[in-house]
Amino acid sequence: MHVAKPSGFKPIGGGYPALVLNADFRPLSYYPLSVWPWEEVVKAVFLDRVDVIATYDHTVRSPSFEMRLPSVVSLKSYVPQDRSPAFTRFNLFLRDAFTCQYCGARDDLTFDHVIPRSRGGRTTWENILTACAPCNLSKGGRTPAEAHMIPLRQPERPSLHDLLARGRKFPPNHLHASWLDYLYWDIELEA
Ligand SMILES: [Zn+2]
């Protein structure tokens, strides 16, 4: 777009984040879902870094310009997705499908060192798994063999592909209607 950079934009009603798609029209990331605040989106439009795919019904105005706020944008340049996933609390829960790896519970989740720290166990993808608080407490400082608590799956480092696939099954709670076309196709195909 060849318009002077806007100034003095005022959001109408607040909010209005945009879903950000990679150049291949898949979300840049599922977890966290790639969403930008509207200010960043407007800037990216003016810097010609994104295409606007869908918009909200809301408009921002400056004295020289007006624009419907984008609800979905796609990057003009493809961002390669070959990074390995960050070792974060959320990604660990996601790898384990938000399920206690000892009893299958889905509430009151925390983390367990398979080999306890007191026995030299490290805080790594391969030694941490999702456990509910009761299982975590009853296992205590014991190994799985000692506690007779064998994990459903041996913990391992997930690939980004694994996490993306899991992420599609645990969609975030707050989604604008215009985002759905870009998020759920593969779930529908699997159903
Ligand atoms: Zn449990």
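Here's a quick rundown of the structure. (Residues numbered from 1 in each chain as written. Predicted model: local features only at pLDDT ≥ 70, side-chain atom pairs only at ≥ 80, totals over all residues.)

1. Quick notes on the overall build of the protein chain
- Each helix and strand counted, the protein chain has six helices and six strands in total.
- Start at the N end of the protein chain and walk to the C end: the helices and strands fall as β-β-α-β-β-α-β-β-α-α-α-α.
- For the protein chain, buried positions account for 23% of its 191 residues.
- Expressed as a percentage of contacts within the protein chain between residues at least 6 apart in sequence, the contacts between residues at least 24 apart total 63%. (Helix = DSSP H or I, 4+ residues; strand = E, 2+ residues; numbered from the N terminus. Buried ≥ 20, exposed ≤ 12 C-beta atoms within 10 Å, placed from the backbone. Contact = placed C-beta atoms within 7 Å.)

2. Points about the sheet that holds strand β3 (residues 50-62)
- On the basis of which strands lie adjacent, the open sheet formed by four strands has the order β2-β1-β4-β3 and mixed pairing. Two strands bound the open sheet, and with one partner strand each, they are β2 (35-36) and β3.
- As paired elements, β3 and strand β4 (residues 65-75) share nine bridges and run antiparallel to each other. The residue bridging T55 from the neighbouring strand is P70, located in β4.
- Taken strand by strand, helix α1 (residues 38-46) contacts β1 (18-21), β2, β3 and β4, and its axis lies near 90° from that of β4. (Pairing = 2+ DSSP bridges. Axes fitted to C-alpha atoms, helices over the stretch in contact; angles between N-to-C directions.)

3. Overview of the nonpolar core
- One finds A18, L19, W38, V41, V42, V72 and V73 to be the most contacted residues of the largest nonpolar core, which totals 18 residues.
- Going through the elements one at a time, β1, α1, β3 and β4 are the ones with two or more residues in this core.
- Of all the elements, α1 adds the most residues to this core, at five residues.
- Residues Y102, L129, C132 and C135 belong to the second largest nonpolar core, which totals eight residues. (Core = buried A, V, L, I, M, F, W, Y, C linked by C-beta atoms within 7 Å.)

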